[in-house]
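What follows is the residue order along each chain.
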Amino acid sequence: MPPAPTAPRKRTRNARDEILDAAQRVAARDGGARLTLDAVAREIGMTKGGVLYNFPTKTGLLKGMLERMVETFGRIVEERVAASGPEVENPTLKAALEAYASLERLDPDLFTAILAAAVNDPDLLAPVRELKSRLQARVMAEAADPALAMIVMVAIDGLHFERMMRLPPQDAKLRAEIATRLVALVDAMEGAR
């Protein structure tokens, strides 16, 4: 009798992803200021050495988290653009507005910790600059009113920066209203070509 077939093994996520997930949980629960390699090791049930093997420094961990956030933001934009169809005007700008909501869920202390690390390592923000450059070029190419499109992009950045620095407006309802108004600005740009 032939041996019974074995069930295909589930592919486990790699340790880097598991560490980044744990770091995100620690930052969300305890705040970015309490994000340490020890806290991440405890969260994931791994030795600190295991964390250090993948991320030799806290800056390295923050860099990994930022790269993943940038990748996620970019993927959300691309998915929204693809789902919008060819008839939609300003698809990249609209998608960036929608993707901004994903950043609203992240703890502002995490971004503050990343900025603090970037003071000593400005290259840490390279993935952000690259994504912003790509999105800006696409938005400008799609917009009938490039100046208004840039105003909306700067407003998105401003809202994100204000939240990150815990500057007013911190009221979630007001921030949502501002985002709604930005969408209305983009909608008003349509048909202007």
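Structure: above.
Residues numbered from 1 in each chain as written. Predicted model: local features only at pLDDT ≥ 70, side-chain atom pairs only at ≥ 80, totals over all residues. Heavy atoms only, no water.

(A) Quick peek at the pattern of salt bridges. Scanning the entire structure with this criterion turns up twelve salt bridges. Salt-bridge contacts for arginine 75 lead to glutamate 79; the nearest nitrogen and oxygen are separated by 3.9 Å. Placement of both arginine 75 and glutamate 79 in helix H4 (residues 58-84) is noted, with a separation of four residues, approximately one turn of the helix. Classification of arginine 75 as partly exposed rests on a relative accessible area of 40%. Classification of glutamate 79 by relative accessible area gives partly exposed; the value is 44%. Salt-bridge contacts for arginine 80 lead to glutamate 98; the nearest nitrogen and oxygen are separated by 2.7 Å. Within this pair, whereas arginine 80 is found in helix H4, its partner glutamate 98 is found in helix H5 (residues 91-104), the two being separated by 18 residues in sequence. Here glutamate 98 falls in the partly exposed class, since its relative accessible area comes to 43%. (Salt bridge = Lys/Arg side-chain N within 4 Å of Asp/Glu carboxyl O. Helix = DSSP H or I, 4+ residues; strand = E, 2+ residues; numbered from the N terminus. Buried < 20%, exposed > 50% of the residue type's maximum accessible area, 1.4 Å probe, protein only.)

(B) Inspection of the nonpolar core at higher detail. Judged by nonpolar contacts, the single largest core of 50 residues is most densely connected at Leu35, Val40, Leu61, Met65, Leu93 and Leu110. When residues of this core are traced back to their parent elements, those giving at least two are helix H1 (15-30), helix H2 (37-44), H4, H5, helix H6 (108-120), helix H7 (126-142), helix H8 (146-164) and helix H9 (172-189). Counting residues per element, this core draws most heavily on H4, which supplies ten residues. In contact with methionine 65, other than residues within four places in its own chain, are Leu20, Ala23, Gln24, Ala27, Leu35 and Leu110. (Core = buried A, V, L, I, M, F, W, Y, C linked by side-chain atoms within 4.5 Å. Contact = heavy atoms within 4.5 Å.)

(C) Focus on the environment of threonine 180. Relative to the assigned elements, threonine 180 resides in helix H9. Given the relative accessible area of 48%, threonine 180 is considered partly exposed. Between the alpha carbons of threonine 180 and valine 154 there is a distance of 15 Å; along the sequence they are 26 residues apart.

(D) Just the packing of H1 against H4, in detail. Between H1 and H4, the least distance of the axes is 10 Å, while the angle of their chain directions is 95°. The angle between H1 and H4 falls in the class roughly perpendicular. Note on element contacts: H4 touches H1 through Leu61, Gly64, Met65 and Arg68, opposite Asp17, Ile19, Leu20, Asp21, Ala23, Gln24 and Ala27. Its residues assigned to classes, the contact of H1 with H4 comprises six nonpolar, two polar and three charged. (Axes fitted to C-alpha atoms, helices over the stretch in contact; angles between N-to-C directions. Parallel < 35°, antiparallel > 145°, perpendicular 65-115°, else oblique. Nonpolar A, V, L, I, M, F, W, Y, C, P; charged D, E, K, R; others polar.)

These figures capture arrangement, not role.
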